[in-house]
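# Understanding the architecture of this molecule
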Amino acid sequence: MPKSLFPAASPERRAQLECDPTLKLLNDYDWTANPLGPIPAWPESLRGAVRVMMISTTPMAMMIGEAGILVYNNAYADFAGARHPKIFGMPASEAWPEVTEFIQEKMAAGLLGESQILHDQELVLDRFGQPESVWMNLHYSPVLDEAGEPIGTLTIVHETTDRVMAERALARSEERLSLALSGTSLVGTWDWDVANDLVTADDRFAELYNLDPLRAGLGVPLNDFTQAIHPDDRVRVREEITASLERAEPFRSQYRLVGEDGQIRWVVASGRPRTDGAGVVQRFPGVVIDITEQRRVTEALAESELRFRTLADTMPQMVWSTTADGAHDYYNARWYEFTGVPVGSTDGEGWNGMFHPEDQDRAWAVWQHCLDTGEPYNIEYRLRHHSGEYRWTLGRALPVHDESGAIIRWFGTCTDIHETKVAAEERELIAQELSHRIKNIFAVLTGIIGLSARNRPETKPFADDLRQRIYALGEAHDFVRPHSNVSRPPENQGSLKALIARLLRAYDNDDTRDRLEYHGDDAEIDDAAATPLALLFHELGTNAAKYGALSKAEGRVVLTGRLADGRLHLTWKEMDGPAVAEGVGGDGFGTRLVALSVEGQLRGKLERFWEADGLRLEIDLPIVNLRRSARLRQIADQAQL
């Protein structure tokens, strides 16, 4: 008898049947070495069941006998993957060793005549070289012999892995969406069954549209929801919904809702129609977002922006702003009126072209320094006016910082100071001319004194002293007079320390050491105080050179200043000079001049101390008398009292 499952088939029919590779494998298999034995020895019921299984397109396998010999069809071979054909004819528990316990349990149940159905059963199988989770619907049925006794178990396999994975992914996505939606009170969802006109919605959506959450969850007509839309928006929204349905296009609309308490809320509704195979819309799911607060913030910002622009445009200054990197993005109306350039033409770095060519590099360097350091911007430069001329302007800007201290913007102004600048230059020119004439007067006086002394030799000592005092006055005047950038002295103009250094530099002629030292506090002075101070220190220096410390090569003078309680205390101390007797050089006109300068003009006090190592003077001056502006403030304060 042929060793075929279909022994009576003609050669042609058998060849046709064996086009199925697994059926050919079964016919060609050496069953004599298998516990099942040759096919002709199988029970007819078994051969019939195997025939039905082999020609089925559903994955099927049989576990036959106590050993559970595995026989399966071509569809199951695809399911077995790389395990096929090695496992064909093997005991099932050996074919799938990773699930031996599970297989033995099902085999035992089948041999007891029991049937089982398992849905989405998960097993970890090694089908393609590595373990993987596989989900299946499994149907187990016993295979009976002619006597009705179980001789094996038939397994029908429907793999559901793709569906289970998709459902789990969908469930995870829906869970994340649910968590996201439940975490905010601003979002609501709906799903409209268009064919039956039933809208189901979550609690937040129902609350926004004044509906009971239970009713909304079960489904209500669309019209029940649209009743909550503001009357002025309702017709428009309905037209937008209709258009979305007709075109099967996404829906997006912004409108107002009226709450049960009459409160107005703004929402944005978005949805997408879902069509069937014929293109007919069946469902219309979507979300609604409460944007009331955002709307209020936007309106407040718009109002604030309007106020800012109105204020900026009414200011006489040109107002501008930049981003953190210095790119200009705003100018007020005054800027465009002054420059006459088209709106937006000076945004970014275009503003630099508005400067006078001689000011561009300087202005850019100062601006870049401020951007790098965050220091306030303050500079004078010339801007091109709409008339074509360049006018002097004062540019100022301050940075705006965020909570972390980082600069986020710069706001600045440009103020037209052209007339003021020109007037200041004219005043400086007049002041310099007047100062020049005063110095000429000093020179004339010095000349007259010199001529007079020639005619009267007996007055020469007095004349020399007088010339020196006039010279000191000239030095004081030159020190405090208005200067141009060219004539300004290198000293700190307006400083008492600098004035003394200039007056006494003739006595400090030692290149190896300083014979005159100033320590302690300095003080600001003006032209009114410079005259008596010049006479004072000129007289002290002259006496020190004639009789005191500066008359010796090793002698020196230390001057110490101390500011306290609205007064300046000065100590003049001569050291390393000759022993000086009390009253030397101290009772003549010079002494009276010193007293007049300190006690008369400056309202101060002066004391002399004839010490063993040199003369010491203690000079106490009210700070208010050193500067005219301070005196004026004091007078104003006293008038208020």
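## A short note on the packing of aromatic side chains
- In the structure shown here, the tally under the stated rule is 22 aromatic pairs.
- Here tyrosine 72 and phenylalanine 88 contribute two aromatic rings whose centre-to-centre distance is 5.1 Å and whose plane-to-plane angle is 85°, an arrangement assigned as edge-to-face. One end of the pair, tyrosine 72, is in strand β2 (residues 69–72); the other, phenylalanine 88, is in the loop between α4 (74–80) and α5 (92–95), and 16 residues separate them in sequence.
- By relative accessible area, which is 0% here, tyrosine 72 ends up buried.
- Taking the centre distance of 5.4 Å and the plane angle of 50° together, the rings of tyrosine 76 and phenylalanine 79 count as tilted. Separated by three residues within a single helix, tyrosine 76 and phenylalanine 79 lie in helix α4, roughly one turn from each other.
- Here the aromatic cluster, defined as three or more aromatic residues joined through ring pairs, consists of Tyr29, Trp31, Trp42, Tyr72, Tyr76, Phe79, Phe88 and Trp96.

## Describing the nonpolar core
- One finds Leu26, Trp31, Val50, Leu70, Val71 and Trp96 to be the most contacted residues of the largest nonpolar core, which totals 46 residues.
- For leucine 70, the residues in contact, after removing those within four places along its chain, are Ala61, Met62, Met63, Ile87, Phe88, Gly89, Met90, Ala92, Ala95 and Trp96.
- Membership of the second largest hydrophobic core comes to 30 residues, among which are Leu496, Tyr518, Leu536 and Leu606.

## Considerations on the pattern of salt bridges
- In this structure the tally under the stated criterion is 34 salt bridges.
- One salt bridge in this structure joins arginine 265 and aspartate 290, with 2.7 Å as the shortest N-O distance. In this pair, arginine 265 sits in strand β9 (residues 264–271) while aspartate 290 sits in strand β11 (residues 281–290), placing the two residues 25 residues apart along the sequence.
- Where arginine 334 meets glutamate 337, a salt bridge forms, and the shortest distance between an N and an O atom there is 2.5 Å.

## Brief notes about the sheet that holds strand β14 (residues 377–384)
- Ordered by their spatial adjacency, five strands build an open sheet running β13-β12-β16-β15-β14, and the pairing between neighbours is antiparallel. Of all strands in the sheet, those bounded by a partner on one side alone are β13 (328–331) and β14. Taking each pair of neighbouring strands and ignoring which way they run, the sheet shows an average axis angle of 25°.
- The strands touched by helix α14 (residues 357–373) within the sheet are β12 (318–323), β13, β14, β15 (390–401) and β16 (407–416), with β14 carrying the most contacts at an inclination of about 150°.

## Examining helix α17 (residues 496–503)
- In terms of burial, α17 is a largely internal element, six of the eight residues being buried.
- Of all the residues in α17, the buried ones are Leu496, Ala498, Leu499, Ile500, Arg502 and Leu503.
- The N-capping residue of α17, defined by a side-chain oxygen 3.4 Å from the backbone nitrogen of lysine 497, is serine 495.

## Section: empty space enclosed by the protein
- Within the structure shown, the criterion is met by four cavities of 30 Å³ or more.
- Quantified by volume, the largest cavity comes out at close to 210 Å³.
- Lining the largest cavity are 17 residues; nearest its centre among them are Tyr76, Trp96, Ile103, Tyr140 and Thr155.
- Elements with a contribution of two residues or more to the lining of the largest cavity: β1 (60–64), α4, α6 (100–111), β3 (116–126), β4 (131–144) and β5 (150–159).
- In terms of residue count, the dominant contributor to the lining of the largest cavity is β4 (three residues).
- Taken together, the residues of the lining of the largest cavity sort by class into 16 nonpolar, one polar and no charged.

## Some remarks on unusual backbone geometry
- The residue after histidine 84, namely proline 85, is reached through a cis peptide bond having omega 5°.
- The backbone of aspartate 120 shows a phi angle near 50°, a positive value even though the residue is not glycine.
- As for its placement among the helices and strands, aspartate 120 is situated in strand β3.

## A short note on the environment of histidine 386
- Within the secondary structure layout, histidine 386 lies in the loop between β14 and β15.
- Taking the C-alpha atoms as reference points, histidine 386 and tyrosine 336, 50 residues apart in sequence, are found 8.7 Å from one another.
- For histidine 386, the contacting residues outside a window of four places in its chain are Glu337, Phe338, Thr339 and Gly340.
- For histidine 386, the side chain forms a polar contact with the side chain of histidine 385, separated by 3.4 Å.

Scoring rules and cut-offs
Sequence positions are assigned chain by chain, starting from 1 and proceeding in written order. For this predicted model, a pLDDT threshold of at least 70 governs which residues receive local features, and a threshold of 80 or more governs which side-chain atom pairs are given and counted, while totals over whole chains, interfaces and linings are taken from all residues. Neither water nor hydrogens contribute to the side-chain values; these are computed over all heavy atoms in the structure. Only Phe, Tyr and Trp rings are paired, with Trp represented by its six-membered ring, and only when their centres lie within 6.5 Å; those with planes under 30 degrees apart are stacked, over 60 edge-to-face, the remainder tilted. Per the convention used, a helix needs a DSSP run of H or I reaching at least four residues, while a strand needs a run of E reaching at least two, with both numbered from the N terminus. The classification of residues rests on relative accessible area computed with a 1.4 Å probe and restricted to protein chains. Under 20% of the type maximum is buried, over 50% is exposed, and intermediate values are partly exposed. The criterion is simple. A nonpolar core is a set of buried Ala, Val, Leu, Ile, Met, Phe, Trp, Tyr and Cys residues joined through side-chain atoms within 4.5 Å. Throughout, a contact is declared for two residues whenever any of their heavy atoms are within 4.5 Å. By convention in these notes, a salt bridge is any Lys or Arg side-chain nitrogen within 4 Å of a carboxyl oxygen on Asp or Glu. Each pair of strands is called paired provided DSSP finds at least two bridges between the two strands. To obtain an axis, a line is fitted to C-alpha atoms, over the contacting stretch when the element is a helix, and the angle between two such axes runs from 0 to 180 degrees between their N-to-C directions. In protein, a polar contact means a hydrogen-donor-capable atom and an acceptor-capable atom, both N or O and within 3.5 Å, with residues adjacent in sequence counting only if both atoms are side-chain atoms; elsewhere, any N or O pair within 3.5 Å suffices. Grid points spaced at 1 Å over the protein atoms alone were grouped into cavities, where a 1.4 Å probe fits but cannot get out, and pockets, open sets with protein on both sides within 12 Å along at least five of seven lines, with lining residues defined by an atom within 4 Å of a point. Grid points are joined across faces, edges and corners, and a volume is the space filled by probe spheres set on the points. For this scheme, ten residues count as nonpolar: Ala, Val, Leu, Ile, Met, Phe, Trp, Tyr, Cys and Pro. Four count as charged, namely Asp, Glu, Lys and Arg, and the remainder, Gly too, count as polar.

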